[in-house]
Amino acid sequence: MKKTLFSILLISNSVLASKVTTNLNLPKGKSYFSGEASFRSNELVENVGEVVGNKYYSNLDMKYDTAESSSIQKVFDLSARYNDQADLMYSIKEAKVVFNTTHGAFTVGRTILDWSTVDQEWGLGKLNNRKNFDYFEPGQEGLIGFLYEKKFQNNISVGAFGSILYVPESNPGMEIDEDNKTVTCKNPWCDAPSDSAEIEGKEIPIYYEVNYPEIADVVFRYSAGLSLGYEYKRLKLQGYMFRKPENSISVTAEIVYDTSNEEIIVEATPQFYYHDVKGTELTYSFSDTFKGYSSFISIDPNTFPDGNEPYLEYTGIKPKKLNEDYLGLGLKYTKNQFYGHLGYIARLSDFDRENELLVQYPRWNQAVQLQLKSRITRKLMAELDIKYDTITEDRLAIVKTNYNFTSNLSMALGVNVIGTSKDQESYWSTYENNDSVYSSLKLRF
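Focus on the overall build of the protein
(1) Moving on: Across its full length, the protein carries three helices and 25 strands.
(2) Moving on: Expressed as a percentage of the 445 residues in the protein, the buried residues total 46%.
(3) Moving on: Of the roughly 22500 Å² of accessible surface on the protein, 53% is carried by carbon and sulfur atoms.

Considering the nonpolar core
(1) Moving on: Residues Leu113, Trp115, Phe242, Ile297, Ile345 and Trp428 are the most contacted members of the largest nonpolar core, which totals 29 residues.
(2) Moving on: At the level of secondary structure, the elements contributing two or more residues to this core comprise strand 6 (143-151), strand 13 (235-245), strand 17 (290-301) and strand 23 (395-404).
(3) Moving on: Discounting chain neighbours no more than four positions away, the residues touching Leu113 are Leu127, Asn128, Leu143, Leu147, Phe161 and Phe242.

Considerations on the pattern of salt bridges
A side chain with one charge can pair with a side chain of the opposite charge if their charged atoms come near.
(1) Moving on: The full count for this structure, using the stated rule, is 18 salt bridges.
(2) Moving on: Residues Arg110 and Glu141 are paired through a salt bridge, measuring 3.6 Å at the closest nitrogen-oxygen approach. Here Arg110, found in strand 5 (residues 104-111), pairs with Glu141, found in the loop between helix 2 (117-121) and strand 6; they are 31 residues apart in sequence, far enough to count as distant.
(3) Moving on: For Glu141, a relative accessible area of 4% puts it in the buried group.

Brief notes about the sheet that holds strand 14 (residues 250-258)
(1) Moving on: Strand order in the open sheet formed by five strands is 10-11-15-14-18, and the pairing between neighbours is mixed. For this open sheet the edge positions go to strand 10 (196-199) and strand 18 (316-317), each flanked by a neighbour on one side alone.
(2) Moving on: Examined bridge by bridge, strand 14 and strand 15 (residues 263-271) share nine bridges and lie antiparallel to one another. Looking across to strand 15, one finds that Val251 is bridged to Pro270.

A closer look at the confidence of the model for the protein
(1) Moving on: Averaged over the protein, the pLDDT score is 89; the fraction of residues at 70 or greater is 89%.
(2) Moving on: Ranking the helices and strands of the protein by mean pLDDT puts strand 22 (residues 380-389) first, with 98, and helix 1 (residues 2-9) last, with 42.
(3) Moving on: A low-confidence stretch, residues 1-29 (pLDDT under 50), is modelled with 73 contacts involving residues beyond four sequence positions or located in other chains.

Regarding the environment of Tyr431
(1) Moving on: Among the structural elements, Tyr431 can be located in the loop between strand 24 (409-419) and strand 25 (436-444).
(2) Moving on: A residue is classified by how much of its surface remains accessible, and Tyr431, at 6% relative accessible area, is buried.
(3) Moving on: Put simply, Tyr431 and Tyr135 are 296 residues apart on the chain and 9.2 Å apart in space, counted from C-alpha to C-alpha.
(4) Moving on: With residues near it in sequence (within four places) discarded, Tyr431 still touches Tyr135, Pro188, Trp189, Asp191 and Ile418.

Each value, and the rule that gives it
- Residues numbered from 1 in each chain as written.
- Predicted model: local features only at pLDDT ≥ 70, side-chain atom pairs only at ≥ 80, totals over all residues.
- Heavy atoms only, no water.
- Helix = DSSP H or I, 4+ residues; strand = E, 2+ residues; numbered from the N terminus.
- Buried < 20%, exposed > 50% of the residue type's maximum accessible area, 1.4 Å probe, protein only.
- Areas by Shrake-Rupley, 256 points an atom, 1.4 Å probe, with all protein chains shown as cover.
- Core = buried A, V, L, I, M, F, W, Y, C linked by side-chain atoms within 4.5 Å.
- Contact = heavy atoms within 4.5 Å.
- Salt bridge = Lys/Arg side-chain N within 4 Å of Asp/Glu carboxyl O.
- Pairing = 2+ DSSP bridges.
- pLDDT = per-residue confidence, 0-100.

Now the structure itself:
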């Protein structure tokens, strides 16, 4: 029953995915364009990769960047994925123009804020949006607005972000059939609500009705943030505070059991919650190649949604919001063709696993990460990325080798594995079969 109730709230991930588009006219003149196209099959081993949308897919990544040395920098960064279920996911990670002057840098468009390392490294999705094609590597997607950054001669730096436009995360999306009133999935990271429920020993079908809001009521929402930093020799300290809508839409649902037709009707209404995001960053560079960091983030969500909340009878479901505090620690080493990262995250806020039925499980509670990337030979690369949660015993592992035939053509072999405890439910329990043993072919251009 918990999965049925909670998954209803996840409908919101795709409510607006097909209704918001972004356009950018690329400038003419000198080309700063690069990209890559790849095809990947996840079925090298029998009975692996059989989850819906996880058999094979194609990726396309394109980037246009006029380089940071330009006084006016233009960036457009697009990723897209098309899988075996004909599901197209896309992400405009950045689409911005940066005006570099003696008074600072002024950015207009979609930009990724580099204010929180723990949010980036652990895919929390509290500050920036996530690309979210898959949860092994969720990536980041910027916020749309205006960003001003300035560094003063006394080593103090400031950053200010403001926006009146809001575009939520759209991946991974669900397929909502308005005619048949069904919600289904075409990718392995989508968790669709149940299509039936057992009542008095009989399976009763569930039908979903989604009350789509007007686009103007969605996109015209403000965000405002401020960061303040200070550098002294090898030490860098930064703090920030941000008020913005949550990156994912919530849903309020009214459930009606029609006994005459023996069916359950769920009426879902998207709701938009604001939250206050605050945090601090402390970075110390031991050398040019070795540094350590401490990253703290606090999320304080509003109890009530923005705007009018629909009236619910006693059968209604409303999302419950909890404060979240995370601390991340890490060491990073980069030299020549080698990169190493030893990371740690701890959820400092309380979470009642037994009673918080309508609150999403934390992605990470108390976890460690080891990430290694190295060039073995001139043409061969290897990568290892392991995360382990000491409380829930969740494990994520990425092992990959990449061989470059030419500067434009390469082939990869790899394994992605999710492990969960059989004794308890966690965030990753829903996705424990999303493993893959894969080969891929990549063309760079």
